[in-house]
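# Chains, contacts and geometry: an overview
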Amino acid sequence: MAESTALETIEIHPINFPPDVLARISPELSLQRHLSLGIRPCLRKYEEFRDVIIENNTLSRYVDTENVDAKNNILGSNVLKSGKTIVITSITGGIIEENSASIKDLDDFGEDELLEVTKEDDILAEYASVYPVVEVERGRVGACTDEEMTISQKLYDSILHSRILPKKALKVKAGIRSVNEDGTFTVLYPDELENGALNGTNLKMKRKWSYVLYAKIVVLSRTGPVFDLCWNSLMYALQNVKLPRAFIDERASDLRMTIRTRGRSATIRETYEIICDQTKSLPLMINLQNIAFASNYGVIELDPESQLQDPNNAEEEVDIDMDDLKSVLIADLDTEAEETSIHTTISVITTPAGNYKQLTLVGAGAKITPEMIKRSLSLSKVRADDLSTRLNK
Amino acid sequence: MSLSVAEKSYLYDSLASTPSIRPDGRLPHQFRPIEIFTDFLPSSNGSSRIIASDGSECIVSIKSKVVDHSVESELIQVDVDIAGQRDDALVVETMTSLLNKVLKSGSGIDSSKLQLTKKYSFKIFVDVLVISSYSHPVSLISFAIYSALNSTYLPKLISAFDDLEVEELPTFHDYDMIKLDINPPLVFILAIVGNNMLLDPAANESEVANNGLIITWSNGKITSPIRSIALNDSNVKGLKPNLLKQGFAMVEKYASDVVRSLENL
Amino acid sequence: MNVQDRRRLLGPAAAKPMAFSNTTIHTLENKSTSALPKNSECEQELSLHTGFIENCNGSALVESRDAKHQTSLITAVYGPRSIRGSFTSQGTISIQLKNGLLEKYNTNELKEVSSFLMGIFNSVVNLSRYPKSGIDIFVYLTYDKELQNKCLDDESQSKQIFSQISSLIPHCITSITLALVDAGIELVDMAAAGEVCGTVVSFIKNGEEIVGFWKDNGDNEDLSGCLDRCKEQYIRHRDLMISCLMKQKNLNI
């Protein structure tokens, strides 16, 4: 068998590996062998997705509406399990003062009309995003990995461009806390009052605040690409966010600088501190029709050489034309074998109604045919529809 | 300094024997000689420098600030810097956390001693710089903090004590200073070798120790925090519960002597 | 001091974290205290799971719930894996504690706990069996929730936190021990611990040996009483771990 110029002949014995060992040493071959049987290494069919189990809003401060958890600052949360991967998303908030007072912000009454006028110019400027920090646990310490950085950035951009979070929804409708004569505090919110009894001059504030949302996404037990899972988890979490009502002290509502004569500027600033209400909250008004779900696909060419051959017709199979490679579409990539050997990917973010938000095609190696794109788009829609129903359970 | 296997075994046997024989001939409860200088930093309210006989050295500086104590409840803040270690290194952060607990208002330090008026208090910042250390530096640092706090002078208040009604900031005398009168806790470190307890273990003793104990001593009694601590990562073993009591007894017996000698500086 | 990490999207620097008032909570306080006696006598419930994280060698989940608070922590063990650098005759252990969803502990306090835990597991893991390798343990404090809703002034609030981290340590020890067993790493004995009023004592060998002692609150009164109560808890935790592992093993067969 072996060609050798030496006198002795060397005999080569084929070595057999058990499937799990082969999967470690040659993931590519193992994947091809599986595909030739019509299944994938994770024993799913080509176009089969992993099941998704979600737990919504179990961690936030508003879990129990009767009894708000005072020390918890999570406004919305989601735990998503897909296959063996667990994604925990928690949304926290901050408040930022809008100091760059544009014309729109200064006059509240004409805001809607002005919005109309400037709409053509800059629609995106009317939408905000959340600031995601993704942590993929993989037993390392130190700086964040490239994967974590790219997923965070992609989540940020995708939320902004999907127009899910209007800036208007993040505006703080601040109330005013006043001290009653008996020393107790009452907080008045402008929108809670009947026909604007107090809506006169003393509740008009020149200063504006808005909420900033942060998302902490922790991925445990990563087995494959995780962008989809992070995105979907974030979508679920965003839908149950509740923003706490915020108020400022009575003293701070008017901006007269004569409050203290001897005080320094630092002491004056302190009185404008905006404080959040312990119990009262408002749901975050997101554009529900823009809530979209992500799914991903891979395209791989079936390698005729690594097909598991039927020993009876082994002779026929050899004649397969090597140029005519058949490629297949694989849905919801998972496992190391698929991640390392499938480089051609399609990822789609779509609303259940078929309103496509994002489509990324990465062609590397295998050819992406128009049929595959069509197929992945329609699968995504079905998937998004399925995922959106989970929330209402 | 790293000892060979044979050296370690010899040292262990001699330390674990009864009575234990320490390489520098000390008794189990005997400290190494230390030198302390106080009040040598002109720009801080109090300072001290401590040098141990093995060349370990540590500088502590005390600074203060007037704060509203209804806003800031923690009136002592310790910051530790160890030469050659990053700020986020495990030893540095562990030491910072431990010393902050030692000097925590309430149990460690009587916060009423720092109160200026009904509204304001002094906040004390303790900055620790360990220039070099060969064995676990916690005991050395705590001695340095003790002597620095005992040599701290703070400005004398001349405005009224009751300032809840009147909006005024505390004002101070131009020259007069008042000695800070707080009784800071001390921290002792014990090495456990076999069934023997050794106070103030040197580097080579730490290397063979089976375990260690950090014990806080305040106002004539043992108090929290108390920790067991692994002094090396190769020789650590569990300890018998009675050794714990033995260690406490040892500290109870000798701590007041240490306090006395530090007070007589 | 805090330099912004440019590699992460941390949002605008001017934004302030939400500060919740504590003036409006008074009405709630009465409500929660009235509900308290009902569950205050019930024992602490523990639930243990192992081996559910795929990309590590061993993992464990410990969830506990008692009258006061509810805790959940996940531990992942990576290793033994080879270390870079020169030869070491025995393995090295590193333990990282991570704040989970509620970022309530300071990093230096977490590091202090992790170095304490490292001290414990240096004497529990049979390190001489793992030359030239490192065992990295990650403990993730998923959540740690107060069930009693109390309005606390600042001083007692900080005290509360001090006592809380010590109440977490026994669970950390349980979950690390379980995860190490799940990873197939050789131990001298199953370590577990008990906690009484801020004092944590960790035992091995049926309570004959102490591997860790941590005291955060109070003076040195009633040491032996404290040791006995911790030992009771140790035995309870250890028995639970063993039955959990046996159950797991029977499932796998």
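An unreviewed UniProt entry annotates chain B as Ribosomal RNA-processing protein 42 of Saccharomyces mikatae IFO 1815. The heading Sequence similarities (unreviewed entry) in the UniProt record of chain B holds the text "Belongs to the RNase PH family."

If you check an unreviewed UniProt entry, chain A appears there as Ribosomal RNA-processing protein 43 from Saccharomyces mikatae IFO 1815. Database annotation for chain A, UniProt heading Sequence similarities (unreviewed entry): "Belongs to the RNase PH family."

Right, let's talk about the overall build of chain B for a bit. Assigned secondary structure in chain B consists of five helices and eleven strands. Its C-alpha atoms give chain B a radius of gyration of 20 Å, near enough to 18 Å, the size a compact globule of 265 residues would have. Expressed as lengths along the three principal axes of its C-alpha atoms, the size of chain B is roughly 70 × 35 × 35 Å. When contacts within chain B are restricted to residue pairs at least 6 apart in sequence, those whose partners lie at least 24 apart make up 67%.

Right, let's get into the overall build of chain A. Along chain A, the regular secondary structure elements total eleven helices and 15 strands. The buried share of chain A, taken over its 393 residues, is 36%. Sequence separation of 24 or more characterises 74% of the internal contacts of chain A that already satisfy a separation of 6 or more.

A few words on the interface of chain C and chain B. Buried accessible area, meaning the area lost when the parts come together, often serves as the stated size of an interface. Each partner contributes residues to the interface: chain C has 33 residues there, and chain B has 30 residues. The set of elements that each furnish at least two residues to the side of chain C that touches chain B consists of α2 (107-124), α3 (154-182), β9 (209-215) and α4 (223-252) of chain C. Looking at the side of chain C that touches chain B, the element that brings in the most residues is α2(C), giving eleven residues. When the residues that make up the side of chain C that touches chain B are grouped by side-chain class, the tally is nine nonpolar, 14 polar and ten charged. Note: strand β11 (residues 221-229) of chain B against β9(C), two bridges, orientation antiparallel.

Counting from both sides, the interface comprises 37 residues of chain C and, opposite them, 41 residues of chain A. Those elements that provide at least two residues to the side of chain C that touches chain A are β1 (16-17), α1 (26-40), β4 (69-82) and β6 (133-146) of chain C. Take the side of chain C that touches chain A: its biggest share by element is five residues, from β6(C). Classifying every residue of the side of chain C that touches chain A gives 20 nonpolar, nine polar and eight charged. One ladder, built from two bridges, connects strand β3 (residues 85-97) of chain A with β1(C); its direction is antiparallel. In the sheet register, Gly94(A) faces β1(C), and the bridge partner there is Pro17(C).

About the criteria used
Residues numbered from 1 in each chain as written. Chains lettered and ligands numbered in written order. Predicted model: local features only at pLDDT ≥ 70, side-chain atom pairs only at ≥ 80, totals over all residues. UniProt positions renumbered as here; feature names shortened; annotations may be inferred. Helix = DSSP H or I, 4+ residues; strand = E, 2+ residues; numbered from the N terminus. Rg over C-alpha atoms; globule rule 2.2 N^0.38 Å. Contact = placed C-beta atoms within 7 Å. Buried ≥ 20, exposed ≤ 12 C-beta atoms within 10 Å, placed from the backbone. Nonpolar A, V, L, I, M, F, W, Y, C, P; charged D, E, K, R; others polar. Pairing = 2+ DSSP bridges.

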